[in-house]
Amino acid sequence: MRDMDELRPPKLGRLLALWRESRAAEDPLERVLVCNGRILSECCFFQGERVYGDGAEALADLTGRQMEALLLRLAEGGGFERRRPRGETVNPEFDAARFEALRGE
């Protein structure tokens, strides 16, 4: 998975447009994958630039598990920062990017 530091959730109208644009795929599973690839190509950014040029590029780079994790984050409002429960201490030495890489996402 390529580096990314921002997920920008799309507006509902754009999601509907992407779904409609994916109609060419007759198989329902293929349609979902094509649409999800297009969604991620428009929502994944690194240092202000889009990570993927199009949906096919996103599909070629991501595993199913990675796609699912990114789509879940988008559904929760985007972003990579995890909210900490109240009272939880912060470890200044913790490297979130390294943790995510080791976790396999």
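Chains are numbered independently. Their residues run from 1 in the order of the written sequence. Residues qualify for local features only when their pLDDT is at least 70, as the model is predicted, and side-chain atom pairs are given and counted only at 80 or more; totals for whole chains, interfaces and linings, by contrast, use all residues. Water and hydrogen atoms were dropped before computing side-chain values, which therefore reflect all heavy atoms in the structure.

(A) A look at the sheet that holds strand E1 (residues 6–7). By the convention used here, strands pair only if DSSP detects at least 2 bridges between them. Helix numbers and strand numbers start at the N terminus; a helix is a DSSP run of H or I with at least 4 residues, a strand a run of E with at least 2. As summarised here, the arrangement of the 3 strands in space is E1-E2-E3, forming an open sheet in which the pairing is antiparallel. At either margin of the open sheet sits one strand with a lone partner, and together these are E1 and strand E3 (49–50). In this structure, strand E2 (residues 44–46) lies alongside E3, joined through 2 bridges in antiparallel fashion. Opposite Phe46, over in E3, you have Glu49 as the bridge partner. Whether two residues touch is decided by their heavy atoms; if any such pair falls within 4.5 Å, the residues are in contact. Orientation is described by axes fitted as lines to C-alpha atoms, over the contacting stretch for helices, and by angles from 0 to 180 degrees between their N-to-C directions. Across the sheet, helix H2 (residues 28–43) lies against E1, E2 and E3, angled at about 30 degrees from E2, the strand it touches most.

(B) Expanded view of the side chain of Gln66. Following the sequence through the fold, Gln66 ends up in helix H4 (residues 64–75). Of note is the side chain of Gln66, whose polar atom sits 2.8 Å from the backbone nitrogen of Thr63. Under the rule applied, a polar contact is a pair of N or O atoms within 3.5 Å (in protein, one hydrogen donor and one hydrogen acceptor; residues adjacent in sequence only if both atoms are side-chain atoms).

(C) Expanded view of the packing of helix H1 (residues 12–21) against H2. Following both chains from N to C, one finds H1 and H2 inclined at 140 degrees, their axes separated by 9 Å at the closest point. Compared by their axis directions, H1 and H2 come out oblique. Helix-helix and strand crossings are classified by hand; for H1 and H2 the assignment is right-handed. Residue-level inspection shows Arg14, Leu15, Leu18, Trp19, Arg20 and Glu21 of H1 in contact with H2, the latter providing Arg31, Val32, Cys35, Arg38, Ile39 and Glu42. Within the contact of H1 with H2, the residues separate by chemical class into 6 nonpolar, no polar and 6 charged. Orientation is classified from the angle alone, with under 35 degrees giving roughly parallel, over 145 giving roughly antiparallel, 65 to 115 giving roughly perpendicular, and any other angle giving oblique. By definition, turning the near helix anticlockwise from the far helix through less than a right angle yields a left-handed crossing, and turning it clockwise yields a right-handed one. Residue polarity is assigned by list, with Asp, Glu, Lys and Arg as charged and Ala, Val, Leu, Ile, Met, Phe, Trp, Tyr, Cys and Pro as nonpolar; anything else, Gly included, falls into the polar class.

(D) Highlighting the nonpolar core. Here the nonpolar core consists of buried residues drawn from Ala, Val, Leu, Ile, Met, Phe, Trp, Tyr and Cys, with membership extended through side-chain atoms lying within 4.5 Å. Note on classification: 1.4 Å probe, protein chains only; a residue is buried when its accessible area is under 20% of the maximum for its type, exposed when over 50%, partly exposed between these limits. In terms of nonpolar packing, the biggest core is built from 15 residues, with Leu40, Cys44, Tyr52, Leu62 and Leu70 touching the most fellow members. Listing elements by their share of this core, those giving two or more residues are H2 and H4. Setting aside chain neighbours within four positions, we find Leu62 in contact with Met1, Leu40, Tyr52, Met67 and Leu70.

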